[in-house]
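Understanding the architecture of this molecule
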Amino acid sequence: MVFKGRPSRGCENCRKLHTKCDETRPECSRCVRTKRRCGGYRDEVDLIFRNTDAKPKGKTRKSGTKSRSSKCLSPAAGSDSSHDLTRLPTGKESHFLLRGIGTPSKDDLPLCFFYQTTLESLTNADRARYLHLQLPTLFSRSEAESALHLAVQAISLAVWARSRPNDRSASQLSRTRYSQALAAMNAAIRDPAKVKCDETLYAVLLLSGYETITFDPEALYAWGTHIDGAASLLRNRGRDNFSTPFACNMFLFIRRNAIQSHLQISKPIDPIFDGSAEKLSLYENVEDRLLSKAMRIPALQSLANIILSQPGYAVDFSVAFELIRAAETLDVELADWARQIPRKWAYTTTTLMRYHPSAESSSSGFVPDLIHQYPDFYAARVWNLYRVYRLIIQSILLRVSSFVSLHHTEHEQDYIRIEKINRAIVDDVCASVPFLLGYALTDLKLHPPSQHLQNENCLWPQNLMKASSSGPAGKFSLIWPLYVACSVPSAPETQRNWIRAQLKWIAGTGEAHAHHVMDAESQTLFGGPERFRFDCV
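Residue numbers here run from 1 along each chain, matching the order of that chain's written sequence. Where totals are concerned, whole chains, interfaces and linings use all residues; where local detail is concerned, this predicted model gives features only for residues with pLDDT of at least 70, and gives and counts side-chain atom pairs only at 80 or more. As a rule here, side-chain values come from all non-hydrogen atoms in the structure, and water together with hydrogens is ignored.

1. Topic: empty space enclosed by the protein
The way it works is a 1 Å grid over only the protein atoms, where trapped points that fit a 1.4 Å probe form a cavity and open points with protein on both sides within 12 Å along at least five of seven lines form a pocket, and then any residue with an atom within 4 Å of a point lines it. Grid points are joined across faces, edges and corners, and a volume is the space filled by probe spheres set on the points. Tallied over the entire structure, the rule returns three cavities of 30 Å³ or more. The calculated volume of the largest cavity comes to roughly 70 Å³. Surrounding the largest cavity, Glu211, Thr212, Phe215, Asp216, Ala219, Leu220, Trp223, His513, Arg533, Phe534 and Asp535 form its lining. Side-chain classes are defined by residue name, with Ala, Val, Leu, Ile, Met, Phe, Trp, Tyr, Cys and Pro counting as nonpolar, Asp, Glu, Lys and Arg as charged, and the others, Gly among them, as polar. Tallied by class, residues from the lining of the largest cavity come to five nonpolar, two polar and four charged.

Structure, rendered in structure tokens:
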């Protein structure tokens, strides 16, 4: 495959007629208006990468065209699960081609490794995959000293170094490129033209990704700072945020991160994300419809903190009751999202055969009653985001209702209802753990928990069997929901201990974020800011 520019993204009919397509999905407006059956759109990969036969390759060699290193990536058919890019074959079996011919140089290997491994970890439904597929085009047209070019090198070297701990030179060069990218970014945001271009905004996303991958304890606030910076760039871009499908997808991606960031500090998100629903409706997926509701939570958190920080005599209780109604309404909307989710996003549930210790037993181990099987990691991550959102809403209701009940009528029934919801949600988070760690539901059913697993020193399912498959994506996405779930006061102590043990196990596999939260209480449920903001997906 070789890079062949930017072919039409239009539907099949519009491409054949050579007419402009508005790319409306599932059917473009022209096809609807002319009552034609819309032939649909090409796969995003095909829009950038095309198969080549021997004839054009021969012409390229004959013309003496030389490859230009580090200007454009193109994945070839097939993939090497070992990712050993030091022994890339040539010809049709090449995994990466730069400018259409030749294998990558030693300096290009980290770049190729980052592109391919990231692409393989993302499902088609995940917006991050769509944005990642645009990287070759953006990189090919960026200048060598631009923020984008340097940010790509920084994150590529960081991923390369993480897979090769002994390669200290890659880690050091990654930090150098990151510092250079920051300097280039500072120059770009002072340029009236560059501050609004796609490449600059994309570079900020790469820099935030770099912080997630490297996670420097001495720079805990860097990820949140980059997300705030991305929101600032969106304000500068104005209408350009919605000028192309690519711009709209970047906007939605940043919105997701902004919501995560502001949930962790209990402050309303930037107003730039309000009032854009109509412009973005064509590009929203199932996760986005969840996020369009969840973006109201930080404002509720902030208002709850304002109310609870005042003495009782100074509180306007009409505002408090209005907050309770708004939180209850949003909670219903989130529950409706879960009930109306498409079937392909649904998960199956299996009840585990439990071992019940005798009355004389003093064991304090924990094993979930239920385990979930999801369509893929991406669906599981979105479901856990939904659960965290609902836990935060329950915490708002519980705190404000308790405050109001001190001065008005008791809310015993509300308390019972909230705690029941909390328990069910925490159980669901625990039920997602085996899948996200790479365990197959069928294997777990064949090996039900036995008596020895009731020992508190035995961690289920890790001490029972090896995972069928594992990867950093599943483990990393568990950190935030486990961190919040184990901070729910009404969760049984044995369950909270199991959750913390899972966080410690994840930390032991090299996930630094888990190391920093495994013994801490999530302040998100208590109205305070987290010690640092971090990505969760």
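What follows continues from the structure just given.
2. Quick look at the pattern of salt bridges
Any Lys or Arg side-chain nitrogen located within 4 Å of an Asp or Glu carboxyl oxygen qualifies as a salt bridge. In total, this model carries 18 salt bridges according to the counting rule given. Between Arg141 and Glu199 there is a salt bridge, with its nearest N and O atoms 2.6 Å apart. Taken together, the residues span a long stretch of sequence, with Arg141 in the loop between α6 (135–140) and α7 (147–163) and Glu199 in helix α9 (residues 198–214) at a distance of 58 residues. A salt bridge links Glu333 to Arg296, with the nearest nitrogen and oxygen atoms 2.8 Å apart. Taken together, the residues span a long stretch of sequence, with Glu333 in helix α15 (residues 317–339) and Arg296 in the loop between α13 (286–294) and α14 (297–308) at a distance of 37 residues. Take Glu333: its relative accessible area is 23%, and that puts it in the partly exposed class. One salt-bridge network, held together by shared partners, links Glu328, Asp414 and Arg417. Only DSSP runs of H or I with at least four residues qualify as helices, and only runs of E with at least two residues qualify as strands; both kinds are numbered from the N terminus onward. Accessible area is worked out with a 1.4 Å probe on protein chains only. A residue is then buried under 20% of its type maximum, exposed over 50%, and partly exposed in between.

3. A few points about the packing of aromatic side chains
Working definition: a ring pair exists when centres of Phe, Tyr or Trp rings (six-membered ring for Trp) sit within 6.5 Å. Plane angles under 30 degrees give stacked, over 60 give edge-to-face, the rest tilted. Under the counting rule described, the total for this entry stands at 19 aromatic pairs. Centroid distance Tyr178 to Tyr210: 4.2 Å. Interplanar angle 10 degrees. Geometry classified as stacked. Placement of the pair is Tyr178 in helix α8 (residues 168–188) and Tyr210 in helix α9, with a sequence separation of 32 residues. Both residues of the pair, Tyr178 and Tyr210, belong to the buried class.

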